[in-house]
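# A structural walkthrough
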Amino acid sequence: MPSHHPFSTRYLSATDVIDMVQRKGVEACLRGIADYILADFLRWGAFDKSARVASHSPDGVIELMPIADDQTYAFKYVNGHPKNTRWGLPTVMAFGVLADVATGAPLLLSELTLTTALRTAAMSAVAARALARPGSRTMALIGNGAQSEFQALAFHHLLGITTLRLFDTDPAATAKLQANLQGTGLRTVACNSTAEAVRGADVVTTVTADKTNATILTPGILAPGMHINAVGGDCPGKTELHADVLRQAQVFVEYAPQTRIEGDIQQLPADFGVTELWEVLAGQHTGRASDAAITVFDSVGFALEDFSALRFLRDAAAELGMGQPIELIPQLSDPKNLFGLLRTHNPLLRAVA
């Protein structure tokens, strides 16, 4: 009889991750996830990469985001349903898994809703450190919903942004953001339009939720030297930038095969020139060409970022002694006798035997 090897999966609930972030601090988590993202992007060639698998409906999208290196496999389940807030549900909900490539055994099952917000903001900051002008201190933040605080704090802590110029079509969202940022050291200015918010900004972050082909930013309101962090255009039929903004800018993406389908560059021909960010981070391609250039990070979210975030959660959970072991996979005394589990746990079958 084969020897029995007890196995369990570490589970991090939403409450666990909230507690982890509170214990470590938001800044430390943003910095930590950003460090893991940078380390993994510098190993770009080590990963088996693919665009995410998406199931679209009139009200939203459900996606699976897989990726693996030669040791670890990861995936994220995530949705995007802008109307969810009407029913008291988040627009984005997510969970993810880390598994051992050698055996296929799931090592970690974790919430990723809060974590996705942290990793998206950390990814934005990693890109901005490579692409924005040094000394950038003012950011326009267009769209002040659930992601906005995380973007604001990532740019504050990781890039040195000190002033936020805010606009949302819902004034209550801006008021919520300003209240949540009190005491962080960020100066916030509520504006009456996108154009007003963008005026004088070094960085412009767009993080809107509506699933429409929108033109949040147009060429006429932009100034030389701006860095645009376009976060909200992240699925087919959902954009934030006028096509001419892209045509006059240097455009950087995470994984071009996915971004051409989902990002703002979906508006443009398939041969429109873009640079994958890993090339800049690895020193294989120049980033910003000059102080006067306009740079765009057409961010759609890529599975490698979730791989990094899950690694961060795994290591932080081990450091803090957090998470619970769960029996996600049945324990088998004989791995060739799965049906034997039913005999073991079913009195009737044991009686027949």
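Provided above is the structure to which this section pertains.
The text that follows walks through the structure, step by step, so that each part is easy to find. (Residues numbered from 1 in each chain as written. Predicted model: local features only at pLDDT ≥ 70, side-chain atom pairs only at ≥ 80, totals over all residues. Heavy atoms only, no water.)

Neither face of strand β10 (residues 203–206) is left uncovered, since the one carrying Val203 and Thr205 and the one carrying Val204 and Thr206 both have all their residues buried. Both strand β7 (residues 138–142) and β10 contribute to a ladder of four bridges, which runs parallel. By the bridge assignment, Ala140 is partnered in β10 with Val204. Relative to strand β12 (residues 227–230), β10 runs parallel, the two being bridged by four bridges. Paired with Val204 across the bridge in β12 is Ile228. (Buried < 20%, exposed > 50% of the residue type's maximum accessible area, 1.4 Å probe, protein only. Helix = DSSP H or I, 4+ residues; strand = E, 2+ residues; numbered from the N terminus. Pairing = 2+ DSSP bridges.)

What follows is about the packing of aromatic side chains. Scanning the entire structure with this criterion turns up nine aromatic pairs. Note on Trp44 and Trp278: the rings are 5.9 Å apart at their centroids and 10° apart in plane angle, and the pair reads as stacked. On the criterion of sequence distance, the pair formed by Trp44 in the loop between α2 (26–41) and β2 (53–57) and Trp278 in helix α9 (residues 277–281) is long-range, its members being 234 residues apart. Overall, Trp44 belongs to the buried group, its relative accessible area being 6%. (Phe/Tyr/Trp six-rings, centres within 6.5 Å; stacked < 30°, edge-to-face > 60°.)

Our focus in this paragraph is the side chain of Glu262. Its place among the elements puts Glu262 in helix α8 (residues 256–262). With near-sequence residues (within four places) excluded, Glu262 lies in contact with Arg52, Glu63, Gly233, Asp234, Cys235, Pro236, Lys238 and Val300. (Contact = heavy atoms within 4.5 Å.)

Strands sit in the order β2-β3-β4-β5-β6-β1-β17 across an open sheet of seven strands; the sheet is mixed. Of all strands in the sheet, those with a lone pairing partner are β2 and β17 (324–326), marking the two edges. Taken pair by pair, the neighbouring strands of this sheet meet at an average axis angle of 15°, ignoring direction. Both strand β3 (residues 60–68) and strand β4 (residues 72–80) contribute to a ladder of eight bridges, which runs antiparallel. Paired with Ala68 across the bridge in β4 is Tyr73. Contacts between helix α1 (residues 14–24) and the sheet are confined to β1 (9–12), β6 (106–111) and β17, with β1 contributing the most and set at about 70° to the helix. Contacts between helix α3 (residues 113–131) and the sheet are confined to β3, β4, β5 (94–100) and β6, with β6 contributing the most and set at about 85° to the helix. (Axes fitted to C-alpha atoms, helices over the stretch in contact; angles between N-to-C directions.)

Let us look at the environment of Gly88. Here Gly88 shows up in the loop between β4 and β5. When the C-alpha positions of Gly88 and Met139 are compared, they lie 30 Å apart, and in sequence the two are 51 residues distant.

Before going further, it helps to examine the packing of α2 against α3. When two helices pack together, their arrangement is given by the angle between the helix axes and the distance between those axes. Running from amino to carboxyl end, α2 crosses α3 at an angle of 65°, the nearest separation of the two axes being 8 Å. Both α2 and α3 take part in a crossing whose hand is right-handed. Residue-level inspection shows Val26, Leu30, Ile33, Ala34, Ile37 and Phe41 of α2 in contact with α3, the latter providing Leu118, Arg119, Ala121, Ala122, Met123, Val126 and Arg129. Here the contact of α2 with α3 is composed, by residue class, of eleven nonpolar, no polar and two charged. (Left-handed = near helix turned anticlockwise from the far one by under 90°. Nonpolar A, V, L, I, M, F, W, Y, C, P; charged D, E, K, R; others polar.)

Strands belonging to one sheet form pairs held by backbone hydrogen bonds; the direction of such a pair is parallel or antiparallel. What the eight strands build is an open sheet, ordered β9-β8-β7-β10-β12-β16-β14-β15; its pairing is parallel. A single partner strand is all that each edge strand has here, and the edge strands are β9 (187–190) and β15 (275–276). With respect to the sheet, helix α4 (residues 148–159) is in contact with β7, β8 (163–167), β10 and β12, its orientation differing from that of β7 by roughly 165°.

This part is about the packing of α3 against helix α10 (residues 303–320). For the pair α3 and α10, interaxial distance at closest approach is 10 Å and the crossing angle is 120°. As α3 runs across α10, the sense of the crossing is right-handed. Of the residues in α10, those in contact with Thr115, Thr116, Arg119 and Met123 of α3 are Glu305, Asp306, Ala309 and Leu313.

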